[in-house]
Amino acid sequence: MIEMSMATKISTLWPEIVVTAVAFAVMIIGLSPTEAVRRATYPISALGLLIAAIMAATASPAATSSMAVFMKVSICLVGLALLVGAAETPDEANASLPGAKFNPADASRGEFFGFLLLSLVGAMLCAGADDLVWLFLALELTSLPTYVLVATSRRNLKAPEAAVKYFFLGAMSAAIFLYGFALIYGATGTTYLNQIHVIFAEDGISTIGLAGLIIAVIGVCFKIAAVPMHTYVADVYQGAATPVTAFLAFVPKAAGFLTLILLLDAVGWIGAHDTAALGALFWVLAVLTMFVGNTLALLQSNVKRVLAYSSIAHSGYMLIGLVAGPGTDVGTSPARNGVAAVLFYMVAYGVMNLGAFAVLGLLKRSGEEAESFDDLRGLARRRPLHAAIMALCVLSLAGIPPLVGFWGKLYIFGAAISAGYIWLAVLGLLNSAIGAFYYLRIIATCYLTDPDEAVSIEALPSRSLAAVASAIGVIVLSLAAGGLVEASHHAADAFQYRPHVHTPVQAKPVAPAAAQPVAELPR
């Protein structure tokens, strides 16, 4: 029985196995003294992700969950676009003098692409996790390679400083959610998510179990850049190379939200009588994350920091979908399914966010990455196509109709209203209006100002290709949003509102004893 179970489990992991094998292969190939061989690490990595996406899409429906299939395919395809945008990053970080002798210590192409692929593997493993131990290891596999990517992807001193801050805060968050997992195990005696749900459904959520859930959620907030675990985001995003920043904005966030979905499904979603504290926590997290992200973004003069705080705000929008839950009825329509809305929004965010970072990564001032609003001045006059891509992507991030970002917010806010969280939807709309200001500021800088000749625009084919691919993705998803909605709804079919209705054990009726003659007491 154990062997059959293990064989079945391994059969669902072939996409992850392929990407892992490719990651180790490119690490070895990247040490070759021949430059042409080292440059093969990029196409090999891209081919591995494409093969993994095909394998995930053609997996047997009986072998894996629909959400795992949807998210594995999405992570591979968005990861492929992120990989394209980062193709030149290792060469920028480790540029050597022409004719210099090859030094393996300076060759980072294999390490860079290998760690990028391993982080994607961790996010894919989160999608198919069914156990707390598995979930912890997958989250750490997602995070650990990103610490190295931040440190090695840029020659500026900001990169190691950002990596150290990211590493220590990441270690703290791992300790927090692992402690939460330990409390959940202590309350249930099992690490399997399905068994945890059965125990909570039969016996109710104990105080220790509820404390574990709350602590675990707070720890996972680090992965999704949500308040109160958001303080690292702006510094790390600014310190990392721009393509790595785009990677950080999607992959750890996807892994974190997948973890939250699985944890909430294990407790029967918010709304059961014994999860009121958990529901209040998510409500507060959503509101604080939206307001903190949007408010701080208004105060920035650095575009990367604006997009960092924008990432925080978008996590707040997606938290609204988790509060709404999967709906109260089996077969709930897509417009009322908060989980489907979150999956839809996650993919849309990854696509439209990539375009903004890809365009920003083309700009240089004195050989360093352009970051400030002044660096975007007059971009429309110098590169009309890149300015149009930037405008398209930030308008979609702002939720301007009929772009895909608008449909994502519409489905999330609609699910919240259907679930009875009207005020939460109203606050989300208010924050969308606040966010529109700094997005329009980016567009105004590109189109309504004179160019700054001190800023150069590099000819980086892969980064331009990533920007164009992102723009095409935004347009296609905007015109065919219904298809992605149906796919995300099908992926969320496995989840349904399962309140814990545990009936108290009633004592068995005891048959009355036979009547005994009562002796008359003496007078």
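Here we summarise the structure given alongside this text. (Residues numbered from 1 in each chain as written. Predicted model: local features only at pLDDT ≥ 70, side-chain atom pairs only at ≥ 80, totals over all residues. Heavy atoms only, no water.)

1. Looking at a nonpolar patch on the surface
Side chains of Leu47, Leu50, Ile51, Ile54 and Leu77 sit close together on the surface and give an oily, nonpolar patch of about 430 Å² of accessible area. At 4 residues, the largest contribution of residues to the nonpolar patch is made by helix 4 (residues 41-57). Relative to the assigned elements, Leu47 resides in helix 4. Accessibility expressed as a relative area gives 49% for Leu47, which makes it partly exposed. (Patch = residues over 30% accessible without salt bridge, like charges linked within 9 Å, V, L, I, M, F, W, Y side chains within 5 Å. Areas by Shrake-Rupley, 256 points an atom, 1.4 Å probe, with all protein chains shown as cover. Salt bridge = Lys/Arg side-chain N within 4 Å of Asp/Glu carboxyl O. Helix = DSSP H or I, 4+ residues; strand = E, 2+ residues; numbered from the N terminus. Buried < 20%, exposed > 50% of the residue type's maximum accessible area, 1.4 Å probe, protein only.)

2. Description of the environment of Thr58
You can see Thr58 is positioned in the loop between helix 4 and helix 5 (66-85). Under the relative-accessibility criterion, Thr58 is labelled exposed at 60%.

3. Some details on unusual backbone geometry
Following Val227, the chain continues into Pro228 via a peptide bond in cis, with omega recorded as 10°. Residue Pro402 is reached from Pro401 by a cis peptide bond, and omega for that bond is 5°. Mapped onto the elements of the fold, Pro402 is located in the loop between helix 18 (384-398) and helix 19 (404-418). Backbone geometry at Ala225 places phi at a positive 60°, although glycine is not the residue there. The topology assignment puts Ala225 in the loop between helix 11 (207-224) and helix 12 (233-239).

4. Looking at empty space enclosed by the protein
Under the counting rule described, the total for this entry stands at 4 cavities of 30 Å³ or more. The calculated volume of the largest cavity comes to roughly 70 Å³. Together, Ser143, Tyr166, Phe222, Lys223, Ala225, Tyr232, Tyr237, Leu248, Pro252 and Lys253 line the largest cavity. Breaking the lining of the largest cavity down by element, the ones donating at least two residues are helix 11 and helix 13 (242-266). Here the lining of the largest cavity takes 3 residues from helix 13, the largest share from any one element. (1 Å grid on protein atoms, 1.4 Å probe; cavity = no way out; pocket = protein on both sides within 12 Å on 5 of 7 lines; lining within 4 Å. Points joined across faces, edges and corners; volume = space filled by probe spheres on them.)

5. Looking at the layout of surface pockets
When its volume is computed, the second largest pocket comes out at roughly 580 Å³. Taken together, 26 residues line the second largest pocket, and the ones lying closest to its centre are Val73, Ser74, Leu77, Val347 and Leu484. Contributing elements (two or more residues each) for the lining of the second largest pocket: helix 5, helix 16 (338-360), helix 21 (461-479) and helix 22 (481-491). Ranked by residues supplied to the lining of the second largest pocket, first place goes to helix 5 with 8 residues. Taken together, the residues of the lining of the second largest pocket break down into 18 nonpolar, 8 polar and no charged. (Nonpolar A, V, L, I, M, F, W, Y, C, P; charged D, E, K, R; others polar.)

6. As for the nonpolar core
If you look at the biggest cluster of nonpolar residues, it comprises 175 residues, and the most contacted ones within it are Phe282, Leu319 and Leu343. Top contributing element to this core by residue count: helix 16, with 19 residues. Setting aside residues up to four positions removed in sequence, Phe282 forms contacts with Val217, Leu260, Leu264, Ile270, Leu319, Leu322 and Val323. (Core = buried A, V, L, I, M, F, W, Y, C linked by side-chain atoms within 4.5 Å. Contact = heavy atoms within 4.5 Å.)

7. A short note on the packing of helix 18 against helix 19
In contact at an axis separation of 6 Å, helix 18 and helix 19 are set at 10° when each is read in the N-to-C sense. For the element pair helix 18 / helix 19, the angle class is roughly parallel. For the pair formed by helix 18 and helix 19, the contact residues are Ser396, Leu397 and Ala398 on the first element and Val404, Gly405, Phe406 and Lys409 on the second. Across the contact of helix 18 with helix 19, the residue classes tally to 4 nonpolar, 2 polar and 1 charged. (Axes fitted to C-alpha atoms, helices over the stretch in contact; angles between N-to-C directions. Parallel < 35°, antiparallel > 145°, perpendicular 65-115°, else oblique.)

8. Digging into the environment of Asp131
Tracing the backbone shows Asp131 in the loop between helix 7 (109-127) and helix 8 (132-152). Taking the C-alpha atoms as reference points, Asp131 and Ile196, separated by 65 residues in sequence, lie 9.6 Å from one another. What Asp131 contacts, discounting residues up to four positions off in sequence, is Thr191, Tyr192 and Leu193. One polar contact links the side chain of Asp131 to the main-chain amide nitrogen of Trp134, over a distance of 3.3 Å. (Polar contact = N/O pair within 3.5 Å; in protein donor to acceptor, adjacent residues only side chain to side chain.)

Nothing here speaks to function; it is geometry throughout.
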